[in-house]
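Breakdown of the fold
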2 protein chains.
Amino acid sequence: MPITLAQLNHASREDAAQMLDGLYEHSPWIAEQALNERPFQSLAHLKHVMTEVLQHAGRDAQLALIRAHPELAGKAMVSKSLTAESTNEQTKAGLTDCTPEEFAKIQQLNADYNAKFGFPFILAVRGPRGVGFNKQQIIDAFERRLHGHPDFELQECLRNIHRIVEIRLNDKFGVEPTLGHQVWDWQEKLAQHSDPGFAEKGQLTVTYLTDAHRACAQRISHWMKDCGFDEIEIDAVGNVVGRYHPASPGARYLMTGSHYDTVRNGGKYDGRLGIFVPMACVQQLALQQRRLPFGIEVVAFAEEEGQRYKATFLGSGALVGDFKAEWLQQKDADGVTMREAMQHAGLCIDDIAKIRRDPTQYLGFVEVHIEQGPVLNESHLPLGIVTSINGSVRYQCEIVGTASHAGTTPMNRRRDAACALAELALFVEQRAARDGDSVATIGQLNVPNGSINVVPGACLFTLDMRAPTDDQRDAVVRDVLAELSAICERRGVRYTAEETLRAAAAPSAPEWQARWERAVSHLGVPLFKLPSGAGHDAMKLHEIMPQAMLFVRGENAGISHNPLESTTSDDMQLAVDAFTHVLNQLALETA
Amino acid sequence: MPITLAQLNHASREDAAQMLDGLYEHSPWIAEQALNERPFQSLAHLKHVMTEVLQHAGRDAQLALIRAHPELAGKAMVSKSLTAESTNEQTKAGLTDCTPEEFAKIQQLNADYNAKFGFPFILAVRGPRGVGFNKQQIIDAFERRLHGHPDFELQECLRNIHRIVEIRLNDKFGVEPTLGHQVWDWQEKLAQHSDPGFAEKGQLTVTYLTDAHRACAQRISHWMKDCGFDEIEIDAVGNVVGRYHPASPGARYLMTGSHYDTVRNGGKYDGRLGIFVPMACVQQLALQQRRLPFGIEVVAFAEEEGQRYKATFLGSGALVGDFKAEWLQQKDADGVTMREAMQHAGLCIDDIAKIRRDPTQYLGFVEVHIEQGPVLNESHLPLGIVTSINGSVRYQCEIVGTASHAGTTPMNRRRDAACALAELALFVEQRAARDGDSVATIGQLNVPNGSINVVPGACLFTLDMRAPTDDQRDAVVRDVLAELSAICERRGVRYTAEETLRAAAAPSAPEWQARWERAVSHLGVPLFKLPSGAGHDAMKLHEIMPQAMLFVRGENAGISHNPLESTTSDDMQLAVDAFTHVLNQLALETA
C-alpha cells in the first residue's frame, strides 16, 4: 500500500522514519535528518532535502555511505547478502544473468575501480527511465567512469545513490512519472531515425532535410495529431507546427517549441525535449477537453544546428523573417544545394516569406531545453531558470612566429607561436573565470605541419567568448584581443584574428522568467537561475517577442552533443508539470 | 692597387682612415673607431672589430647608419645619386635593369617596409657568393623580411651592412675567398640533384639511395679524385670514402666528414659543408704534393636524416658497428624495402659488417657543420667551437580531459586538455631557459577533432628536450614530467607520455676541442663556444673515438632544414683555413 505525502508530513517522527526506511543502504540517518524539514511540499521537495542532508554531511559520511553499497554483480550477489531492493534492481538490469565472461569482466572492473578510487562503483542500474540499463550499458559506464577524476567520481556515486533513492521513493509512494515516460518514449522512438553513415553505427544524426529528418517531421506531426492538436502542418522550411486552439477564436497564442535536427552523433534530448514537453501538456488538455483563453502553438523547428548547411537557426529564423535567400545556393558535402534539398522534400520555397509571424498575434515564446551543461547536475537540481541566452563572439586566429630547429635555437632566441598561444590560453581561462558567468574557449588548436624537432612557426586556433550581456561579452573580447596583441608584441610574433560570428545576448523577459520561477517554486524545487551558454531557438524569437527558457538537468555531467546526453523521466515529468503550471498562470492572467 | 694588412696596421691614423674610406655609407666613424684596435691579426679580425664598434654604438647611431643607405632600386637610383659602390652592387644584381612592373613592385616594397619599420630595407645584394642575387631572390627576400619583427629587422639590416662592407673590404684588399668559393660551387653543383617530386619544384631533397642520392655519391667520388685523394670508394652502405695517404704507410688516419643526404626541401649546406671543407684542404695538400705524418679519411655519409627509412645515422652508424639488421626490412613510402633499395644500388649488403672501423687506426674524428641555429649569426661571428652534442629525449604525449560544450560549461567546471597543455608549455619554456643551454620544445600540438564550440577533451603533443650533458637533460625531463603530472592532478585531467627517443650527449674530447680553439684564434676570430643542439654524425663516431666539431655561421637567422639555409664564401673560407690549421697542428704533434 503506497504512502502519501500527507501521511509522511503528519506522522510521528518514528513512524515517518519507518516510512522512509531502506532508502539509503544501511544509512537511515539521511532520511531521518531530512524529516526535520517537514512538511514537504512535494516528493521532489523531499528528494531535494535528502540530497542537501548528504551534501552537508561531509566527505567521511559520504564515503561511508558509498562503501556501504554492494559491488555490482559482486560477491555479495553470489552470497545473496544484498538487500532485497538491491537484488531487485540488479535483477532488472540482467546482472543476475551474467555469462562467466561478463561476470569476470565486471569483477575486474570492480577491482580496478576500487583500487583507483578507494570506494565501490555505484550506478543506478534502473537507469533514467527506471526500466534498467542492459549489461553492455553498465559495462560501458563502468569503463568510462574508471577514467574519471576521483573528486568527480565521488560526486557521481552520490548522484547515482540519489537516483537509486528517487526510484525507491517513487515505489514507496506508488508514483510513476507517467508524462516523463511519455516524453522519454517519444524521444527514443524519434531517435530511431538517423542519417546514413550514422544509423549503421547506432549513432544519432539528423541533419536538415535528409530522409531521416523528413521521417522525424512525419513522426512528430502524427504524434501531434494523436495528442489532439487542432491544426498540424509542415511549413515551407520544414518546421512542424501544431496549433491547439484557444477557447475563443481570435485569441492570441503562446508559442513554444525547439528543434528536431541534431548535431552529428548527438544526443536524443537536445532540442527534442522542448517539443515533446509542451506536446505532453497539450495531450493532457485535450484529454481533459480543456481550452485555455489562449492558443498553444508548438513548433518543432527543422534546423538549428547548422550541420548540413551553414544556416544555423534556419527554422526559427524563418519565423522572424530572417531566412537568407543566399542560403538556398549553399551546397552540402555532396554538392546538393539547399534549394534542391528543399524541392526534393516538397517544400514550397516561395512560401518562406509567408511563415514570418506577426508578434501581435502572440503572447510570447517559451522554450524547454536540456541544460547541455553540468551545473544542475552538480547542484542536484532537476530544473533551472534561464536568465539570459549568452551573447557570443567567435574568432578564427593564427599566431605566426618563426619555425626553427628545436635543437639549435636557444630558448631566448625563439619566436614560438605555440608558446604565445599557451600564454593566451591561460589568460583566456582566467579572464572569463573572473566574471563568474562568462565563458571563453580555445576549442580548435593546431600547429600546422608541426614536427617534433621544429619550434612551432605557426599556431591556428579559435576563440569562442560568451556572456549574459553584450557589454560583458565585449569586455571579455576586448581584454582577450588586447592580451593577444600584447603577447605577440612582447614575443616578437604576429597574429591575425578574424571575427566569424557575433550573436547578441537574449536576456529573458522578466515577466516570463517570473512565470517559470513561480512554476518551479510551486513544484517544491529550489529556484536556481543561470545563463544559457548555448544558443537556442528562443534567441531568434527574442527578436520579435518576449521569451524565457526552462532548463532540465542533464545526466553524465550534463554532457551534450554526445550520445551520452541523458536526463530522467522524473526530471522530464517535472518539466511537464512546470510547463503546465505556466499554462495555468497564463490562463488566469488572460481569462 | 690593393692594400695589405701590414700597410693598414702601420699607416698613420689619417692614412689608415683613408684606406678604409667608403666602407660604410656616409659613416667613416665606424672604420675610424675600429682603427683603435690595430694591429689587426687578419682581415677577419678587422671585420669583427667593425661589427663590435657598431654593436656598441647604440640604437640611434645604428638607425642613422641604416637610414644613410639608399633604397634598393629606389629613386636614388633613377637620380643617379648613389655612391659608385652602391651603383656597382645594384648593377651586379640586375637592379638597374628592372621592367616597369619589377620597378613598381620594388618601389611598393620599399614604401611598405619603410612604413612598417621606419628605416629602409637593406640587403647585401651581392649575396653570399659575391656574385649577386637575381631580381627574384631580392624581391623574395624583401617580401619575407616585411614580416619580420622590428628588432630582428634592425639587426638584419646591420648584418647586411656588415656583409656589404665585407665584400667592399675584400675588394680593397684584393682578397678573394677562393677555397670558400670552391666549396660554394661544389655545394651548388651537388644541389642540382634532387629526388623526383622535389626537383621539379626547384626543391632540394636527397634521400637514401634514390637516383639523385646515387648521383650525388658519384659526383662526390669524382670530385675526390680530382682533388687528389689516393683511394676513393663507395662502401657497402653508400658512404663515399676518400683516403689521402700519410707520408709513411701504416700511420694512423684522421677521420672527418659529414652527410650528403638531406631532409625534404632542405638546405644545400647541412652535412655537405663538412664533406667539402676537408676536400678543399686535401686538394691544397695534393697541389702542394704535401704528405702529413697521418692519413686523412674524408667520409661523405650516405644517410643521417632518417627520411626515407627510419634509420637515422645509418652512414656513420655502420662505421661504428651500429647497423641494425632489422632496418633492411623497413619499407619506404612506396613499399620498397631498404634491402631492395641497397640491392638496386649495387651495394654489397654482406660487407656492411666489414666497414666497421678499428679505432686504434684513427687519431680521432672532426666534423665541420653549418650551425643550423641563430647564435653565430646574431653574434656576428663566422665560426663557433662545439663543446658538446646535446643529449636528447623525446616524448609523444596526450592529455585527456573532458570535451564539453563551450557555451554551457562554466569555467570552474572544465577539464580543458588544451589549457593543461598551455600551462605545461609555459613551464617547459621557462624550465629550459633557466639552464641557459638546455632547450625544450613542444613541436607538435593538436586538439584532435577540435570544434570551435567544444572545450578540448584531448590534446596531443610532443616533447623534445636537450642539454649538453645527460644529467642536465635528465633533470629537465624529470622536472617537466613532474610538472605535467602536477598540472594534470590539479586540473583533474590525465595524461600519457611515451618516450620515443633517448640519445646520449657527446661532449667534445678536450684535446680535440682545443685544436679547433687554437685554429680559430689563429684566424683572428674571437673564440665562441656553444653546444650543438642538433645531432650529427660525430655523435656516432664519439662511441669509438675522440671527436670535436666546428660550426660555421648560417645566414637568415641560421635557418636550416629549409631552402633559405645559407652561409657565405667568406665564412666557408675561414672554415677551410681553420681545418688546415688543425691539420698543421696534428702534423707537428705526430711528426
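For clarity, every value in this text was computed on a predicted model and none was experimentally measured. (Residues numbered from 1 in each chain as written. Chains lettered and ligands numbered in written order. Predicted model: local features only at pLDDT ≥ 70, side-chain atom pairs only at ≥ 80, totals over all residues. Heavy atoms only, no water.)

Overview of the domain arrangement of chain A
Residues and elements named next belong to chain A. Stated precisely, the cut-off is as follows: Domains are outlined according to an automatic or database domain assignment. Whether two residues are in contact is decided by their heavy atoms: any pair within 4.5 Å suffices. Buried area is a sum: the accessible area each of two parts loses on coming together, probed at 1.4 Å, counted once for each and added. By definition, a salt bridge exists where a carboxyl oxygen of Asp or Glu is found within 4 Å of a side-chain nitrogen of Lys or Arg. Under this definition, polar contacts are N or O atom pairs within 3.5 Å; protein pairs additionally need one hydrogen-donor-capable and one acceptor-capable atom, and for neighbouring residues in sequence, both atoms have to be side-chain atoms. When residues are grouped by polarity, Ala, Val, Leu, Ile, Met, Phe, Trp, Tyr, Cys and Pro land in nonpolar, Asp, Glu, Lys and Arg in charged, and all others, Gly among them, in polar.
Under the domain assignment, chain A is made up of domain 1 (5–173), domain 2 (180–387 + 507–590) and domain 3 (391–504). Distance from the C-alpha centre of domain 2 to the C-alpha centre of domain 3: 35 Å. Domain 2 puts five residues into the contact, and the matching count from domain 3 is five residues. Interface area for domain 2 against domain 3, summed over the two sides, is near 310 Å², with a carbon-plus-sulfur share of 64%. Broken down residue by residue, the surface that domain 2 buries against domain 3 is led by Pro531, Gly533 and Met539, which jointly contribute 83%. Inspection of the region where domain 2 meets domain 3 yields zero salt bridges. Put simply, domain 2 and domain 3 have one residue pair in polar contact (both at pLDDT 80 or more) between them. Looking at the side of domain 2 that touches domain 3, its residues break down into three nonpolar, two polar and no charged.

Concerning the confidence of the model for chain A
Rules: The predictor rates its confidence in each residue with pLDDT, a number between 0 and 100.
Averaged over every residue, the pLDDT of chain A is 93; the share at 70 or more is 97%. Counted against residues more than four places away or in other chains, residues 76–81 of chain A, with its pLDDT under 50, gives eight contacts.

Focus on the interface of chain A and chain B
Counting residues at the interface gives 65 residues for chain A, matched by 64 residues for chain B. Here chain A meets chain B over a buried area of about 5,000 Å², counting both sides, of which 59% is carbon and sulfur. If you sort the residues of chain A by the area they bury against chain B, Met411, Leu445 and Ile452 of chain A come out on top, with a joint share of 15%. For the pair chain A and chain B, the number of links is four salt bridges.

A look at helix H9 (residues 135–146) of chain B
Residue and element names in this part refer to chain B. Which entries qualify depends on this criterion: Only DSSP runs of H or I covering at least 4 residues are called helices, and only runs of E covering at least 2 are called strands; the numbering of each starts at the N terminus. A helix is expected to span 1.5 Å for every residue after the first.
Across its twelve residues, H9 extends 17 Å between first and last C-alpha, which sits within 8% of the 16 Å expected from 1.5 Å per residue. Of the surrounding elements, those touching the buried residues of H9 are helix H8 (100–117) and helix H10 (150–173). Where H9 starts, the residue carrying a side-chain oxygen 3.1 Å from the main-chain nitrogen of glutamine 136 turns out to be asparagine 134.

Let's talk about the pairing of strand E2 (residues 240–244) of chain B
Residues and elements named next belong to chain B. For clarity, the threshold we go by: Buried means the residue's accessible area, taken with a 1.4 Å probe over protein chains only, is under 20% of the maximum for its type, while exposed means over 50%, and partly exposed covers the values in between. Between any two strands, pairing holds if DSSP finds at least two bridges.
Counting buried positions along E2 gives four out of five residues, so the element sits mostly inside the fold. What sits between strand E1 (residues 231–234) and E2 in their antiparallel hairpin is a turn of five residues, with glycine 238 showing a positive phi close to 100°. Pairing geometry for E2 and strand E4 (residues 295–301), over five bridges, is antiparallel. Looking at E4, one finds that arginine 243 is bridged to glutamate 297.

Here we look at the pattern of salt bridges
Close approach of charged atoms allows side chains with opposite charge to pair. All names here are of chain A. Counting across every chain of the model gives 76 salt bridges over all chains. Between arginine 129 and aspartate 185 there is a salt bridge, and its shortest N-O distance comes to 3.0 Å. A residue pair is termed long-range when its members are at least 10 positions apart, and arginine 129 in the loop between helix H8 (100–117) and helix H9 (135–146) and aspartate 185 in helix H11 (residues 178–190) qualify at 56 residues. What makes aspartate 185 partly exposed here is its relative accessible area of 27%. Aspartate 470 is the partner of arginine 473 in a salt bridge, and the nearest nitrogen-oxygen pair spans 3.7 Å. With arginine 473 and aspartate 470 both in helix H18 (residues 470–491), this residue pair falls three residues apart, about one helical turn. The class of arginine 473 is buried, set by a relative accessible area of 3%. Each of Asp470, Arg473, Asp474, Glu499 and Arg502 takes part in salt bridges that share partners, so that together they form one network.

Description of the packing of H11 of chain A against helix H12 (residues 211–227) of chain A
When two helices pack together, their arrangement is captured by the angle between the axes and the distance separating the axes. Residue and element names in this part refer to chain A. For clarity, the threshold we go by: Note on definitions: angles span 0 to 180 degrees between N-to-C directions of axes, and those axes are lines fitted to C-alpha atoms, for helices only across the stretch in contact. Should an angle fall under 35 degrees it is called roughly parallel, over 145 degrees roughly antiparallel, and 65 to 115 degrees roughly perpendicular, with every other angle called oblique. Whether a crossing is left-handed or right-handed is set by the direction in which the near helix is turned from the far one by less than a right angle, anticlockwise for left-handed and clockwise for right-handed.
Contact pair H11 / H12: the axes reach a minimum separation of 10 Å and the direction vectors enclose 155°. Comparing the axis directions of H11 and H12 gives the class roughly antiparallel. Between H11 and H12 the crossing geometry is right-handed. Touching Trp186, Lys189 and Leu190 of H11 are Cys216, Arg219, Ile220, Trp223 and Cys227, all from H12. When its residues are assigned to classes, the contact of H11 with H12 shows six nonpolar, no polar and two charged.

So, the packing of aromatic side chains
Test applied: Between rings of Phe, Tyr and Trp, where Trp is taken as its six-membered ring, a pair exists when centres lie within 6.5 Å; planes separated by under 30 degrees are stacked, by over 60 edge-to-face, and by other angles tilted.
Overall, the coordinates contain 26 aromatic pairs over all chains when judged by the stated rule. Their ring planes at 65° and their centres at 5.8 Å tell us that tryptophan 223 of chain A and phenylalanine 276 of chain A sit as a pair that is edge-to-face. Of the two residues, tryptophan 223 of chain A sits in helix H12 while phenylalanine 276 of chain A sits in helix H13 (residues 273–287), which places them 53 residues apart along the sequence. Accessibility classification places tryptophan 223 of chain A together with phenylalanine 276 of chain A in one group, the buried group. Taking 3.7 Å as the distance between ring centres and 15° as the angle between the ring planes, the aromatic pair formed by phenylalanine 121 of chain B and phenylalanine 142 of chain B counts as stacked.

Description of the relation of the copies chain A and chain B
The test is simple: Copies are brought into register by a least-squares superposition over C-alpha atoms of residues with pLDDT of at least 70 in both.
Its rotation angle being 180°, the transformation that places chain A on chain B also includes 0.2 Å of axial translation and leaves an RMSD of 0.2 Å. What the superposition gives is, in effect, a two-fold axis relating one chain to the other. Counting the interface residues of chain A, we find that 98% of their copies in chain B are interface residues as well, pointing to one common contact surface.

Points about the side chain of threonine 409 of chain A
Summarising the element assignment, threonine 409 of chain A is placed in the loop between strand E8 (404–405) and helix H17 (417–435). A polar contact of 2.7 Å, which involves the side chain of threonine 409 of chain A, links it to the backbone oxygen of histidine 405 of chain A.

Notes on unusual backbone geometry
Residues and elements named next belong to chain A. With an omega of 0°, the peptide bond between arginine 38 and proline 39 qualifies as cis. If you trace the backbone, proline 39 turns up in the loop between helix H3 (29–34) and helix H4 (43–55). Positive phi outside glycine occurs at glutamine 372, with the angle close to 65°. Checked against the element boundaries, glutamine 372 lands in the loop between strand E5 (362–370) and helix H16 (375–378).

Quick look at the side chain of serine 566 of chain A
Note on placement: serine 566 of chain A falls in the loop between strand E16 (547–552) and helix H21 (569–590). Non-local contacts of serine 566 of chain A, meaning those with residues more than four positions away in its chain, are made with Pro128, Tyr269, Ile370, Arg553, Gly554, Glu555 and Asn556 of chain A.

Some details on the environment of serine 485 of chain A
One can find serine 485 of chain A in helix H18. Put simply, serine 485 of chain A and alanine 341 of chain A are 144 residues apart on the chain and 44 Å apart in space, counted from C-alpha to C-alpha.

With respect to the environment of alanine 247 of chain A
Residues and elements named next belong to chain A. Here alanine 247 shows up in the loop between strand E2 (240–244) and strand E3 (253–259). Counting along the chain gives 40 residues from alanine 247 to leucine 287, while the straight-line C-alpha distance between them is 15 Å. Beyond its immediate sequence surroundings of up to four residues, alanine 247 is in contact with Arg291, Leu292 and Pro293.

A short note on the environment of cysteine 157 of chain A
All names here are of chain A. Here cysteine 157 lies in helix H10 (residues 150–173). On the basis of relative accessible area, cysteine 157 is assigned to the buried category, the value being 0%. Measuring from C-alpha to C-alpha, the distance between cysteine 157 and tryptophan 516 comes to 30 Å, with 359 residues separating the pair along the chain. If sequence neighbours within four positions are ignored, cysteine 157 has contacts with Ile66, Tyr113, Phe119, Pro120, Ile122 and Arg145.

Quick word on the packing of H11 of chain A against H21 of chain A
Residue and element names in this part refer to chain A. Where H11 meets H21, the axes come as close as 7 Å, and the angle between the chain directions of the two elements is 110°. On the basis of their axis angle, the class for H11 and H21 is roughly perpendicular. When H11 is examined against H21, the residues Thr178, Leu179, Gly180, His181, Val183, Trp184 and Gln187 are found in contact with a partner set consisting of Ser569, Met572, Gln573 and Val576. When the residues that make up the contact of H11 with H21 are grouped by side-chain class, the tally is five nonpolar, six polar and no charged.

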